[in-house]
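In case you want the letters, here they are:
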Amino acid sequence: MANRVELRHLRYFAAVAETCHFGRAAEKLNMAQPALSHAIRQLEDELGVCLLARTTRRVELTEAGRFFLDEALNTLSRIDAGVSSVRLLGEGQSGVLRIALTGSVALTHMPCIVQALRKQLPGLEFEVHSDLSTEEQCVRLREETLDLGVVHPPVHCDDVELLPVRDERLVVVLPADHPLAGRRSLRVADLRDEAFITEVKPEAGIAKEVLQMCLKAGFNPKRKHVVSNMPTLLALVAAGLGIGVVPESARSIPLPGITVRSLEDASTVGIALAWLKSQRSPLMTNVLKAFDASMAQRERTDDDTRAVG
């Protein structure tokens, strides 16, 4: 015979067990007492055991009733949690955000981004993909294997939308014993005779700005080594194999043997959030709203700081 125990039976039984009184339980459930008594008898008949010992003066749980109450409460708790979770998921208040970052941005901006989003969406979980170039992120966004990217514009994808976050100044990374390392700041022209270390898939925005900076200073940069990522670039600089021109966020990568110096006439590169224009899920809508709120708060804080200064 099929099991005909229904969810309502569990709720009715839990209410009676909690109050040990059919009248008070019926009132709590907003139903008639005879209907409640009938439902409990249905449950007992289905289980083939007596769950409640009834007298004219009181209602008590039997040994089987005490055992079944624990099971019923655990089941109800799991169901309630599941209902709550799926509602939050449907409303975009929770879920997994697949986010990617490029280069040193992961070290400097990832904590701020995660904290800003979790403040507004505490149920949000993160699947992080680090050290992906802007081009790689655009490909994954279009394949819908990524929800949000943190990139260096420009991007050459008409179906990807951008939200500017901030600009970063470019700096030069030198071996610690390099002759130029003793100077507090430099100009781009001071790098004329240096061997540049670059990434094999350089960010379009960064590569363009570095090249334009050098051409404006009257020389074409000499690429000596090509590497796959920022940490390797910095390691080769520390080994004395050349210099690198990188975003200022690279300062946050601690590595012995390198010195970071400002370039007085350096360009800046942008940092932006990127997502697929066609992505209209409730989760992404709430993520972008949360980030907008965070940026507005940061601007107000910056304005207050400037006013005090």
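Residues numbered from 1 in each chain as written. Predicted model: local features only at pLDDT ≥ 70, side-chain atom pairs only at ≥ 80, totals over all residues. Heavy atoms only, no water.

## Quick notes on the overall build of the protein
Consideration 1: Along the protein, the regular secondary structure elements total ten helices and twelve strands.
Consideration 2: The buried share of the protein, taken over its 309 residues, is 41%.
Consideration 3: In the protein, 73% of the contacts between residues at least 6 apart in sequence involve partners at least 24 apart. (Helix = DSSP H or I, 4+ residues; strand = E, 2+ residues; numbered from the N terminus. Buried < 20%, exposed > 50% of the residue type's maximum accessible area, 1.4 Å probe, protein only. Contact = heavy atoms within 4.5 Å.)

## Structural notes on the environment of Met230
Consideration 1: Structurally, Met230 is set in helix 9 (residues 230-238).
Consideration 2: Overall, Met230 belongs to the buried group, its relative accessible area being 4%.
Consideration 3: For the pair Met230 and Val246, spaced 16 residues apart in sequence, the C-alpha to C-alpha distance is 8.6 Å.

## Focus: the confidence of the model for the protein
Consideration 1: Counting all residues, the mean pLDDT for the protein is 83, and 86% of those residues have values of 70 or more.
Consideration 2: In the model of the protein, helix 5 (residues 105-108) stands out as the element of lowest mean pLDDT, 64, in contrast to strand 11 (residues 258-263), which has the highest, 93. (pLDDT = per-residue confidence, 0-100.)

## Overview of unusual backbone geometry
Consideration 1: A cis amide bond links Pro153 to the next residue, Pro154, at an omega of 5°.
Consideration 2: As for its placement among the helices and strands, Pro154 is situated in the loop between strand 5 (148-151) and strand 6 (160-175).
Consideration 3: Phi is positive for Cys20, close to 50°, though the residue is something other than glycine.
Consideration 4: Among the secondary structure elements, Cys20 is positioned in the loop between helix 1 (7-19) and helix 2 (22-29).
Consideration 5: Given a relative accessible area of 35%, Cys20 falls into the partly exposed group.
Consideration 6: Positive phi, close to 60°, is recorded for Glu144, a residue that is not glycine.

## Quick word on the packing of aromatic side chains
Consideration 1: Considering all chains together, one arrives at one aromatic pair under this definition.
Consideration 2: Here Phe13 and Phe68 contribute two aromatic rings whose centre-to-centre distance is 5.5 Å and whose plane-to-plane angle is 55°, an arrangement assigned as tilted. Here Phe68 lies in helix 4 (residues 63-90) and Phe13 lies in helix 1, a separation of 55 residues in the sequence. Across this residue pair, the class does not change: Phe13 and Phe68 are buried. (Phe/Tyr/Trp six-rings, centres within 6.5 Å; stacked < 30°, edge-to-face > 60°.)

## Topic: a nonpolar patch on the surface
Consideration 1: Residues Leu7, Ile79 and Val83 make up a contiguous nonpolar surface patch of about 190 Å² in total accessible area.
Consideration 2: Classification of Ile79 by relative accessible area gives partly exposed; the value is 30%. (Patch = residues over 30% accessible without salt bridge, like charges linked within 9 Å, V, L, I, M, F, W, Y side chains within 5 Å. Areas by Shrake-Rupley, 256 points an atom, 1.4 Å probe, with all protein chains shown as cover. Salt bridge = Lys/Arg side-chain N within 4 Å of Asp/Glu carboxyl O.)

## Brief notes about the pattern of salt bridges
Consideration 1: Under the criterion given, the structure shown has eleven salt bridges.
Consideration 2: We note a salt bridge from Glu264 to Arg187, for which the minimum N-O separation is 3.4 Å. Of this pair, Glu264 sits in the loop between strand 11 and strand 12 (268-276) while Arg187 sits in the loop between strand 7 (185-186) and strand 8 (195-199), and the two are 77 residues apart along the sequence.
Consideration 3: The exposure class assigned to Glu264 is exposed, which follows from its relative accessible area of 52%.
Consideration 4: Overall, the relative accessible area of 42% leaves Arg187 in the partly exposed class.
Consideration 5: One salt bridge in this structure joins Arg251 and Glu248, with 3.4 Å as the shortest N-O distance.
Consideration 6: Owing to a relative accessible area of 31%, Glu248 belongs among the partly exposed residues under this scheme.
Consideration 7: Put simply, Arg187, Glu264 and Asp265 are held in one network by salt bridges that share partners.

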